[in-house]
Amino acid sequence: MNIVYQSTRGGQSGITASQAILQGLAEDGGLFMPNEIPKLDVEPEKLSSMTYQETAYEVMKLFLTDYTEEELKTCIARAYDSKFDTEEIAPLAKVGDAYYLELFHGSTIAFKDMALSILPHLMTTAAKKNHVDKEIVILTATSGDTGKAAMAGFADVPGTRIIVFYPKDGVSRIQELQMRTQKGDNTCVVAIHGNFDDAQTGVKKLFNDREFKEELAAKGFQFSSANSINIGRLVPQVVYYVYAYAKLLANEEISAGETINVVVPTGNFGNILAAYFAKRMGLPIGKLICASNDNKVLYDFFRTGTYDRNREFMLTSSPSMDILISSNLERLIYLSTGCDAEANKALMAELSRKGSYTVTPKMREAMADFWGNFASQEENAAEIKRVFTDMGYLMDTHTGVASAVYQKYVKETGDKAKTVIASTASPYKFSHSVMEAIAGPQEGKEEFALIDEMSAVSRTDVPKAVEEIRTAPIRHNRECDVEGMKAEVADILG
Ligand SMILES: *Cc1c(COP(=O)(O)O)cnc(C)c1O
């Protein structure tokens with residue numbers, strides 16, 4: 001079956017997967033959606049004996065139908081290799097009565113690696129297929145993890161450049177060091193004086209600036225996006241939910257067809273949407289539990305039907321979820337209108353005009369598989385401490401939010417279905433907050449001293465990704481105001 005893509009706002013349709021990946025965002029500002037969500041066509045029993053790479057092929061071939069088998073398998077083999085510190089790629093840890101799906105074993109120790117290890121390969125393959133002769137410029141806004149993972153993926157990939165914008169005071173020290181020490185002549189990092197939403201809105205504006213794009217095209221450049229709105233990021237994320245289910249089967253934790261729940265610490269709504277796609281493909285998932293931090297826009301949305309970004313933006317101990325505009329939610333909105341692009345477009349116009357919109361009761365019904373809640377910073381820290389003290393498992397502050405919300409879910413609903421918690425970062429990436437959670441205030445302690453302490457108390461090795469930045473020289477010093485993003489891009493590209 002041939003899958004093509006259309007914009008959630010109706011402006012483009014009949015786009016091939018490779019074109020959608022190259023373009024990133026649709027011309028009308030919408031997101032690309034497949035004309036249909038394909039059904040998994042392998043038996044669960046068969047899946048349970050497959051490697052991660054084999055599973056990836058079975059899932060991705062259904063969405064990326066204009067890639068040949070050879071192209072896709074080559075992309076997969078190059079992405080999921082020894083960059084990951086375990087052959088399992090995404091191991092499942094049973095802790096208490098939950099299963100933590102560890103998505104942080106790639107080169108930047110956060111779940112963004114799961115998709116950003118493969119996106120550069122999908123994109124350069126797409127460029128070849130579509131006879132693109134321009135240099136591809138990846139423009140990306142990051143709340144901390146995407147930027148590093150995208151640069152690691154694109155560094156020194158011929159025919160590409162990458163420019164990353166991050167909120168200057170909105171990322172962890174390790175995240176900042178990871179980005180500012182990034183190697184590769186085609187990489188560039190800019191700290192902006194604003195928050196993540198400012199960065200994301202600024203990048204979207206550049207994408208929609210026709211004049212600027214024409215100017216750059218004349219100089220041989222073409223923009224693309226590595227943000228989680230790119231379908232080339234969403235599709236690889238579906239894989240690990242299928243893989244996790246197969247692993248539960250293989251380990252005889254569940255029986256064939258048994259329904260599981262999934263908890264996802266959510267920011268831009270990409271990861272949890274991938275889980276929803278897996279469900280729509282036929283994977284037996286019951287509830288999709290959407291975990292937020294104090295920026296609890298999504299919790300309010302699922303409880304009331306009103307999405308309202310007019311509120312104070314909070315900096316929390318889970319910075320990769322400090323977001324008030326969850327871009328990928330637009331895809332769920334679109335689906336819940338029955339793929340009515342006009343209806344979706346009207347709601348998105350309302351969002352940009354007044355910062356809020358309300359969905360219809362029928363749309364809410366269509367989203368009934370989602371259950372939202374949030375964890376405050378105190379609840380998050382207490383959960384990290386509880387799980388570490390009682391079960392010896394140390395998790396990061398994003399996974400902590402998910403874990404705390406899962407406890408609330410069980411308490412509120414009594415639902416005892418087996419549950420997979422997406423574990424999105426290594427605790428070493430957020431060492432300060434994690435050490436405070438388990439050992440009290442760590443005022444004034446040096447980051448790497450904390451990392452060594454963490455290694456000692458948790459009896460785990462410091463990941464290679466952290467060892468590398470201990471001594472690496474700073475290579476990037478750019479900074480700009482939100483209004484200066486366009487000038488900065490022009491300057492970088494000469
Ligand atoms: C990006 C990120 C999230 C949020 O994922 P979304 O797909 O944006 O919802 C959660 N945790 C970590 C560690 C992340 O890097």
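For the structure itself, look to the data block above.
Below: a short report on this structure. (Residues numbered from 1 in each chain as written. Predicted model: local features only at pLDDT ≥ 70, side-chain atom pairs only at ≥ 80, totals over all residues. Heavy atoms only, no water.)

### Regarding the overall build of the protein chain
- Secondary structure summary: the protein chain contains 22 helices and 15 strands in total.
- On the principal axes, the C-alpha backbone points of the protein chain span a range of 60 × 50 × 45 Å.
- Counting the 494 residues in the protein chain, one finds 61% classified as buried.
- When contacts within the protein chain are restricted to residue pairs at least 6 apart in sequence, long-range pairs at least 24 apart make up 75% of them.
- In the structure as shown, the protein chain presents an accessible area of about 18,700 Å², 47% of it carried by carbon and sulfur atoms.
- Across the protein chain, the 52 positively charged side chains and the 67 negatively charged ones have centroids separated by 2 Å. (Helix = DSSP H or I, 4+ residues; strand = E, 2+ residues; numbered from the N terminus. Buried < 20%, exposed > 50% of the residue type's maximum accessible area, 1.4 Å probe, protein only. Contact = heavy atoms within 4.5 Å. Areas by Shrake-Rupley, 256 points an atom, 1.4 Å probe, with all protein chains shown as cover. Lys, Arg positive; Asp, Glu negative; His and termini not counted. Charge placed at Lys NZ, Arg CZ, Asp CG, Glu CD.)

### What about the site of the ligand?
- Taken together, 15 residues form the shell around the ligand, and within it Lys112, Asp145, Gly267, Asn268 and Asn271 come nearest.
- Taking lysine 112, its side chain carries an N or O atom lying 2.6 Å from an oxygen atom of the ligand.
- Between the ligand and glycine 267, the relevant distance is 2.8 Å, taken from an oxygen atom to a main-chain nitrogen or oxygen of the residue.
- Bound to the protein, the ligand loses 98% of the 380 Å² it would expose on its own.
- Of the residues assigned to the shell around the ligand, the class counts are five nonpolar, eight polar and two charged. (Near = heavy atom within 4 Å. Polar contact = N/O pair within 3.5 Å; in protein donor to acceptor, adjacent residues only side chain to side chain. Nonpolar A, V, L, I, M, F, W, Y, C, P; charged D, E, K, R; others polar.)

### A few points about the packing of aromatic side chains
- By the definition in use, this model includes 18 aromatic pairs.
- Note on tyrosine 240 and tyrosine 241: the rings are 5.0 Å apart at their centroids and 50 degrees apart in plane angle, and the pair reads as tilted. By the burial criterion, tyrosine 240 is buried, and tyrosine 241 matches it.
- Site record: aromatic cluster; members linked through ring pairs are Phe269, Tyr276, Phe301, Phe302, Tyr307, Tyr357 and Phe370.
- For lysine 129, the ring lying beneath its charged end belongs to tyrosine 67, and the centroid distance is 5.5 Å.
- Cation over ring: lysine 296 sits above phenylalanine 374, and NZ or CZ is 5.3 Å from the ring centre. (Phe/Tyr/Trp six-rings, centres within 6.5 Å; stacked < 30°, edge-to-face > 60°. Lys NZ or Arg CZ within 6 Å of the ring centre and 35° of its normal.)

### A closer look at helix α8 (residues 173–180)
- By the criterion of burial, α8 is predominantly enclosed, with six of the eight residues buried.
- By the burial criterion, the buried members of α8 are Ile174, Gln175, Glu176, Leu177, Gln178 and Met179.
- Buried residues belonging to α8 abut α7 (145–154), β6 (160–167), β7 (187–193), α19 (431–439), α20 (447–458) and α21 (464–471).

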